[in-house]
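Structure assessment
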Amino acid sequence: MAKSDVKAPAKKRAKAASKKAEEKNGSVKKAVNPAAKADGSVAEKLVDLYRLQHLDTQVDKIRTHRGELPLEVEDLEDEVAGLETRLNKLEADLAEVETQVSEKQNLIKDAKAQIKKYEGQQAKVRNNREYDSLTKEIEFQNLEIQLAEKRIKEAKAQIEAKKAVVEESKTKHEERSKDLKLKKKELDAIIAETEKEEKDLQKKSDAAAKLIEERLLSAYNRIRSNARNGLVVVPVERGSCGGCFNAIPPQRQLDISSHKKVIVCEHCGRILVDEYVVDRVVGGN
Ligand SMILES: [Zn+2]
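Since the structure is predicted, the reported quantities are computational estimates derived from the model, not experimental observations. Position numbers for residues count from 1 along each chain, tracking the sequence in the order it is written. Owing to the predicted nature of the model, reporting of local features is limited to residues with pLDDT of at least 70; listing and counting of side-chain atom pairs is limited to 80 or more, with chain, interface and lining totals taken over all residues.

1. Topic: the sheet that holds strand 2 (residues 240-241)
When DSSP finds two or more bridges between a pair of strands, those strands are recorded as paired. Helix and strand assignments come from DSSP, with helices taken as H or I runs of at least 4 residues and strands as E runs of at least 2, each series counted from the N terminus. Taken in spatial order, the three strands make up an open sheet running 2-1-3, and their pairing is mixed. Edge strands, defined here as strands with exactly one partner in the open sheet, are strand 2 and strand 3 (271-273). In this structure, strand 1 (residues 233-237) lies alongside strand 2, joined through two bridges in antiparallel fashion. In the strand pairing of strand 2, glutamate 237 is matched with serine 240.

2. Focus on the pairing of strand 1
Most of strand 1 is tucked away: four of the five residues are buried. Where strand 1 folds back on strand 2, the antiparallel hairpin that results is connected by two residues, among which arginine 238 adopts a positive phi of roughly 50 degrees. Three exposure classes are used. Buried residues have 20 or more other C-beta atoms within 10 Å of their own C-beta, exposed residues have 12 or fewer, and partly exposed residues fall in between, all C-beta atoms being placed from the backbone.

3. So, the nonpolar core
Core membership is restricted to buried Ala, Val, Leu, Ile, Met, Phe, Trp, Tyr and Cys residues, and these are joined into a nonpolar core through C-beta atoms within 7 Å. Grouped together as the largest cluster of nonpolar side chains are 30 residues, with contacts concentrated most on Leu46, Tyr50, Val233, Ile271, Leu272, Val273 and Val277. For this core, the elements supplying multiple residues, two or more each, are helix 2 (34-122), helix 3 (128-210), helix 4 (214-226), strand 1, strand 3 and helix 6 (275-282). No other element matches the seven residues that helix 2 contributes to this core. Discounting residues that sit within four places of it in the chain, valine 277 has contacts with Ala43, Leu46, Val47 and Tyr50. Whether two residues are in contact is decided by their C-beta atoms, placed from the backbone, lying within 7 Å.

So, in structure tokens, the structure goes:
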């Protein structure tokens, strides 16, 4: 960044710039005050520069803001996708427990059929040994039935609990999906709106840039591309640089308000302007 002050341009060039500016149409013309230009061209150049900065800062803000909007939608999309995965897993778990129940129910059916068969055989046995053996088989099948019934009871309790969780997740998923839809719509509208605003501001910025002599404009563009926050022309705020916040010596502050030449910050190289210049741009006149 430039360490030395940018010298005030020659009067001839100022005149030429003024004439050139007058040829340009409308919106920024009010800045070009021929009377002021005649004896205070540096002030006018600073006003033009600060106007350009003011417009570009607004464009920067819109771009930064818009850049964050899709992230919000992305976060919601991730959340909805996460809920979907969870819901699918819960439903798969539920189906598995339900399969276990019907398996146990089949097991009970088979055991009952076996018992019937053994009871039929008992009626035909010839000795006590065979009869006792069949009794033992029947007892065993009855135990199997009891165990299966116990497992079914447990599984049914599990199913109830899982169903409650599934319902809860479904409700949450529906809510978040609705949020997502709304947010997307809202953001699309904001994006469309800010794009229009940005275009309008960019047009004004382009027009404002045309009023600035080439040497100053290229310095402006160079500093702007290096400055982290896009600030090139900054006001003096409470005796400090509005860009890097380092203190400005009193004599330098006097030089800045005298508008005799373009003065840059010793620390960051940004162009410094006083309240008069700021008011001319944002003061609504
Ligand atoms: Zn500075």
